[in-house]
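Summary of structural features
Spelled out, the chains give:
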Amino acid sequence: QVQLVESGGGLVQPGGSLRLSCAASRSIFSMNSMGWYRQAPGKERELVALIISGGTTHYADSVKGRFTISRDNTKNTVYLQMNSLESEDTAVYYCRGNTISTTYWGQGTQVTVSP
């Protein structure tokens, strides 16, 4: 079992920045992929950014050029740097980790972008 704990959410003005962290209870080195998802009220959960074990990254079109996903295997932590935030980025952000056989989710952290 792996526990994922997100942190770093909060209230920010449009154009501002936040960095989310996802701390794992054990090594993430064996994870095939780690990702950030988000769910806005009344909408389905969607992929924001993904980092594969080899380091390849993928982003939703809506966040390309603004968000950056990274991982620090020594700290068992995945980050999501979010810049130029927009009101449409308001959502609960979830961390997800995948092995070959299992998917793990964190409990989520709220990000609110508002003047």
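Just so it is clear, the model here is predicted, and its values are computed rather than measured.

1. Some details on the state of the cysteines
Per the counting criterion, the structure on display carries 1 disulfide. Between Cys22 and Cys95 runs a disulfide, and the two sulfur atoms are separated by 2.1 Å. Sign of the S-S torsion, about -80 degrees for the bond between Cys22 and Cys95, identifies this disulfide as left-handed. Of this pair, Cys22 sits in strand β3 (residues 18-24) while Cys95 sits in strand β9 (residues 91-98), placing them 73 residues apart in sequence. The class for Cys95 is buried, based on a relative accessible area of 0%.

2. Some thoughts on the nonpolar core
Nonpolar side chains in soluble globular proteins tend to be buried together. Core analysis: the biggest nonpolar cluster contains 29 residues, and Met34, Trp36, Leu80, Met82 and Tyr93 have the highest contact counts within it. When contributions to this core are tallied by element, the ones reaching two or more residues are β3, β4 (33-39), β5 (46-52), β7 (67-72), β8 (77-82), β9 and β11 (109-113). Per-element accounting of this core gives the leading share, 4 residues, to β3.

3. Overview of the pattern of salt bridges
A side chain of one charge can pair with a side chain of the opposite charge when the charged atoms of the two come close. Taken as a whole, this structure holds 5 salt bridges when the rule is applied. Two residues, Arg38 and Asp89, come together in a salt bridge whose shortest N-O distance is 2.9 Å. In this pair, Arg38 sits in strand β4 while Asp89 sits in the loop between β8 and β9, placing the two residues 51 residues apart along the sequence. The burial state of Arg38 is the same as that of Asp89; both residues are buried. Asp89 serves as the salt-bridge partner of Arg66, at 2.8 Å between the closest nitrogen and oxygen.

4. Some thoughts on the pairing of β4
In terms of burial, β4 is a largely internal element, 6 of the 7 residues being buried. Pairing analysis gives 6 bridges linking β4 to β5, with the strands arranged antiparallel. Paired with Arg38 across the two strands is Glu46, which belongs to β5. Where β4 hands over to β5, the hairpin turn is made up of 6 residues, of which Gly42 adopts a positive phi near 75 degrees. Relative to β9, β4 is paired through 7 bridges, and the arrangement is antiparallel. Within the sheet, the bridge partner assigned to Arg38 lies in β9 and is Tyr93.

Calculation notes
Residues numbered from 1 in each chain as written. Predicted model: local features only at pLDDT ≥ 70, side-chain atom pairs only at ≥ 80, totals over all residues. Heavy atoms only, no water. Disulfide = S-S within 2.5 Å. Helix = DSSP H or I, 4+ residues; strand = E, 2+ residues; numbered from the N terminus. Buried < 20%, exposed > 50% of the residue type's maximum accessible area, 1.4 Å probe, protein only. Core = buried A, V, L, I, M, F, W, Y, C linked by side-chain atoms within 4.5 Å. Salt bridge = Lys/Arg side-chain N within 4 Å of Asp/Glu carboxyl O. Pairing = 2+ DSSP bridges.

All we've got here are geometric facts, nothing functional implied.
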